[in-house]
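Results of the structural survey
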Amino acid sequence: APSQNDGREDVSTDHSSAVALGRRPPEQLLDDVRRRLLNAIVVVVAVVAIPNVAGSVSRTTQIGFQPVMAFQVGSVAVFLVLAAFRRRLPYRVLAAAVFVLIPANAFAALMAFGLIGHGVLMIVVWATVVAIFSGLRWGMAATLVGVVGMAAIGFGVVSERIVWTVDMNGYAVASSSW
């Protein structure tokens, strides 16, 4: 029988009646939405990363081969495998891969190319993704890791412990950068 709450559904946390009626509890629905979102993120990153890494590797004519390029190619290969097998892989494996590969590429780009390597944008995207899938506290922790990592790299650059061999002005105006 419906509850006496102005015609609204019963909002109690006992989901046994929902399960008995063939409906799934909200927690399971949320898990399904997160899984679909994560699958979509893995596919989008895999697809978008291909032309980005191709552009990065094409810059070898202007700046020479950089070790970060091999890391980027390897990361794209991992994302392509994840995308291909996303329905078979456990949620935690996909989430861990996204949570590790995005900041690893971001920090590698910052160390190799500084601010023009788009690492800051990747850190912001990463912290947002972590917050969506793991909650606000983990998102804030990811933000803190990102800020501390960027500050450490910035300190390394300012103190000349990190020195770039790439001509940053040439990199910024190269046709392959645009």
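Above this note sits the structure.
A short tour of the structure in this document, coming up. (Residues numbered from 1 in each chain as written. Predicted model: local features only at pLDDT ≥ 70, side-chain atom pairs only at ≥ 80, totals over all residues. Heavy atoms only, no water.)

Counting 24 residues, the largest nonpolar core has L38, V42, F79, L82, V98 and W126 as the members making the most contacts within it. For this core, the element with the highest residue contribution is helix 5 (residues 91-113), accounting for 9 residues. When residues no more than four places from it in sequence are discounted, the contact partners of W126 are V98, F99, I102, P103, A142, V145 and G146. Counting residues in each nonpolar core, the second largest holds 8 residues, with I63, V68, M69 and V166 among its members. (Core = buried A, V, L, I, M, F, W, Y, C linked by side-chain atoms within 4.5 Å. Buried < 20%, exposed > 50% of the residue type's maximum accessible area, 1.4 Å probe, protein only. Helix = DSSP H or I, 4+ residues; strand = E, 2+ residues; numbered from the N terminus. Contact = heavy atoms within 4.5 Å.)

Looking at the secondary structure, you find N105 in helix 5. Given the relative accessible area of 12%, N105 is considered buried. Reaching out from N105, the side chain makes a polar contact with the backbone oxygen of L101 at a distance of 2.8 Å. Leave out the neighbours within four places in its chain, and N105 touches F71, Q72, S75 and M122. (Polar contact = N/O pair within 3.5 Å; in protein donor to acceptor, adjacent residues only side chain to side chain.)

In this structure, E160 takes a positive phi of about 65° despite not being glycine. A relative accessible area of 63% places E160 in the exposed class.

Residues that lie three or four places apart on an α-helix share one face, since the helix turns once every 3.6 residues. For helix 4 (residues 67-84), which comprises 18 residues, the first-to-last C-alpha distance of 26 Å matches the rise-based estimate of 26 Å (1.5 Å per residue) to within 8%. Taken together, the buried positions of helix 4 are V68, M69, Q72, S75, V76, F79, L82 and A83. One side of helix 4 carries all its buried residues, which in axial view fall inside an arc of 140°. For helix 4, the exposed residues lying more than 90 degrees away from the buried face are P67 and A84. Those residues of helix 4 that are buried are in contact with helix 2 (26-58), helix 3 (60-63) and helix 5. (Expected span 1.5 Å × (residues − 1). Arc of directions from axis to C-beta.)

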